[in-house]
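# A closer look at the structure
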Amino acid sequence: IKATNDSTIKEIILNDGTIYKSKTIIIATGSKPRKLGVLGEEAYAGKGVAYCAICDGPFYTGEDVIVAGGGNSAVEAAIDLSKIASKVTIVHRSDFRADQILIDQVEKLENVEIKLNTQINEVIGEKFMTGINVVDKSNNNEYTIPAAGIFVEIGYLPNSSPFKGVLELNDKDEIVVNKYGETSIKGVYAAGDVTDTPFKQIIISAGEGAKCALSANDYLKKI
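Below: a short report on this structure. All chains use their own residue numbering, which begins from 1 and follows the written sequence. pLDDT decides what is reported in this predicted model: residues at 70 or higher carry local features, side-chain atom pairs at 80 or more are listed and counted, and totals for whole chains, interfaces and linings draw on all residues regardless. The side-chain figures draw on all heavy atoms in the structure; neither hydrogens nor water molecules are used.

## With respect to the overall build of the protein chain
- Summing up its helical and strand segments, the protein chain has 4 helices and 14 strands in all.
- Once the C-alpha set of the protein chain is aligned to its principal axes, its extents read approximately 65 × 40 × 30 Å.
- Throughout, exposure labels follow a simple rule: accessible area from a 1.4 Å probe, protein chains only, divided by the maximum for the residue type, with under 20% read as buried, over 50% as exposed, and the rest as partly exposed. Sorting the 223 residues of the protein chain into buried and exposed places 39% on the buried side.
- Contacts between residues were defined by any pair of non-hydrogen atoms, one from each residue, lying within 4.5 Å. Long-range contacts, defined as pairs at least 24 residues apart, comprise 54% of the intrachain contacts of the protein chain with a sequence gap of at least 6.
- Note on areas: Shrake-Rupley, 1.4 Å probe, and residue coverage restricted to the protein chains presented here. Carbon and sulfur atoms make up 51% of the accessible area of the protein chain, which totals about 12600 Å². Labels follow the DSSP assignment, with helices taken as runs of H or I lasting at least four residues and strands as runs of E lasting at least two, numbered in each case from the N terminus.

Structure, rendered in structure tokens:
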């Protein structure tokens, strides 16, 4: 993207050299889940490996599942899954980073087991995932945790790299927007998971997109 606050016409330059010119731009490039980067993760994606507990949790009703992660999103996912899964095992390579109020809640749940300082080495299975191989970092003991699914809840990476050095990003590389969806450059808007708007949900992103469209329309009327 090539744009400044004093430029009426903005340019979007594609990898193949194609250039699009416009008075306004709405960025909705979304985000991608941060992955574990272990053996079997790609092979069992959609066959046990999932990245959204709210979206895919109901498929594992009555099953044993695993949540990978130790932050708020992981603990919240475990709490939600505990209501439908037979057993939930939280696996995290270090200590919890979640808020204490969430930790207190999850520790009270009878069907949730917590394994901290435990490294995931591999997702295993046959046609579908059947478990994960892990190592206890305190004693180097390797063992297998059986499960029908694993929910990777270690954060998301906003697809904002094309806009670095052009738009204001926060420390998470999310595009900073105001309540109108405006970025740091006039006429450039952003919506959805690529922004610093809280609560990454489809319905929220759709609403933010509509807001940006209305804001862009108002902007065009004024220039």
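Next comes the rest of the write-up.
## Some remarks on unusual backbone geometry
- Phi at Asn140 takes a positive value of approximately 60°, unusual for a residue other than glycine.
- Turning to its location among the elements, Asn140 is positioned in the loop between strand S10 (129-136) and strand S11 (141-146).
- The exposure class of Asn140 is exposed, given its relative accessible area of 62%.

## Quick look at the pairing of strand S9 (residues 118-125)
- We call two strands paired when DSSP finds no fewer than two bridges between them. Inspection of the sheet shows S9 paired to S10 by 7 bridges, in the antiparallel sense. Paired with Gln119 across the two strands is Val135, which belongs to S10.
- Following S9, the chain reverses through 3 residues before pairing antiparallel with S10.

## Some details on the layout of surface pockets
- Roughly 1200 Å³ of internal volume is contained in the largest pocket.
- Here the term cavity refers to a set of points on a 1 Å grid, laid over the protein atoms alone, in which a 1.4 Å probe fits but cannot get out; the term pocket refers to an open set having protein on both sides within 12 Å along at least five of seven lines, with lining residues being those that place an atom within 4 Å of a point. What lines the largest pocket is a set of 32 residues, and nearest its centre among them are Ser73, Glu153, Tyr156, Phe199 and Lys200.
- For the lining of the largest pocket, the secondary-structure elements that each account for two or more residues are strand S4 (31-33), helix H1 (53-56), helix H2 (72-81), strand S13 (156-158) and helix H4 (202-222).
- Here the lining of the largest pocket takes 5 residues from H2, the largest share from any one element.
- Under the scheme applied here, ten amino acids are nonpolar (Ala, Val, Leu, Ile, Met, Phe, Trp, Tyr, Cys and Pro), four are charged (Asp, Glu, Lys and Arg), and all others, including Gly, are polar. Grouping the amino acids of the lining of the largest pocket by side-chain chemistry returns 14 nonpolar, 7 polar and 11 charged. Grid points are joined across faces, edges and corners, and a volume is the space filled by probe spheres set on the points.

Such coordinate-based values are descriptive only and should not be taken to indicate function.
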